[in-house]
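One letter stands for each residue in the lines below.
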Amino acid sequence: QVQLVESGGGLVQAGGSLRLSCAFSGRTFSTYAMGWFRQAPGKEREFVAGISWNGGRIDYADSVKGRFTISRDNAKNTVYLQMNSLKPEDTAVYYCAARRFIVVATIDYDYWGQGSQVTVSS
């Protein structure tokens, strides 16, 4: 069974940066695509970024392109989301998710973390 544990959330002022980490365990990390999603109060969970099993494909939501960077370290079984130039509208609970090999920009992932709160103050 795959387990995902996010860390690195918190409170930051607009224009600031945060880096989220997601530690993966229970299966072979290098065979899983990883995604980051977020959910703000009263809104549906939305795709933020995804990276394929080998890093060969990376996708971003239009709302975060140029500000967020997803990366993975297969030696550490960890995926990261570097978030720069944060805006108040980025405030949400951020979730990492895993599915075999191919990244998709939908919620069609098999495993989910517990979420990490990110709050951006204006």
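Scroll up to find the structure.
Cut-offs and rules
Residues numbered from 1 in each chain as written. Predicted model: local features only at pLDDT ≥ 70, side-chain atom pairs only at ≥ 80, totals over all residues. Heavy atoms only, no water. Helix = DSSP H or I, 4+ residues; strand = E, 2+ residues; numbered from the N terminus. Buried < 20%, exposed > 50% of the residue type's maximum accessible area, 1.4 Å probe, protein only. Contact = heavy atoms within 4.5 Å. Areas by Shrake-Rupley, 256 points an atom, 1.4 Å probe, with all protein chains shown as cover. Disulfide = S-S within 2.5 Å.

1. Considering the overall build of the chain
Then comes step 1: Within the chain, the secondary structure is distributed over 0 helices and 11 strands.
Then comes step 2: Reading the helices (α) and strands (β) of the chain from amino to carboxyl end gives β-β-β-β-β-β-β-β-β-β-β.
Then comes step 3: Summarising its shape, the C-alpha atoms of the chain cover approximately 40 × 25 × 25 Å along the three principal directions.
Then comes step 4: Across the 122 residues of the chain, 45% fall into the buried class.
Then comes step 5: Within the chain, residue pairs in contact and separated by at least 24 positions form 58% of the contacts whose partners lie at least 6 positions apart.
Then comes step 6: When the accessible surface of the chain is split by element, carbon and sulfur atoms take 47% of a total near 6100 Å².

2. Let's talk about the state of the cysteines
Then comes step 1: In the structure shown here, the tally under the stated rule is 1 disulfide.
Then comes step 2: Sulfur-sulfur distance for the disulfide between Cys22 and Cys96 comes to 2.0 Å. Linking Cys22 and Cys96, the disulfide has an S-S dihedral of approximately 50 degrees and is accordingly described as right-handed. Of this pair, Cys22 sits in strand β3 (residues 18-25) while Cys96 sits in strand β9 (residues 92-100); the two residues are 74 residues apart in sequence, bridging distant segments of the chain.
Then comes step 3: Since its relative accessible area comes to 0%, Cys22 is described here as buried.
Then comes step 4: Accessibility expressed as a relative area gives 0% for Cys96, which makes it buried.

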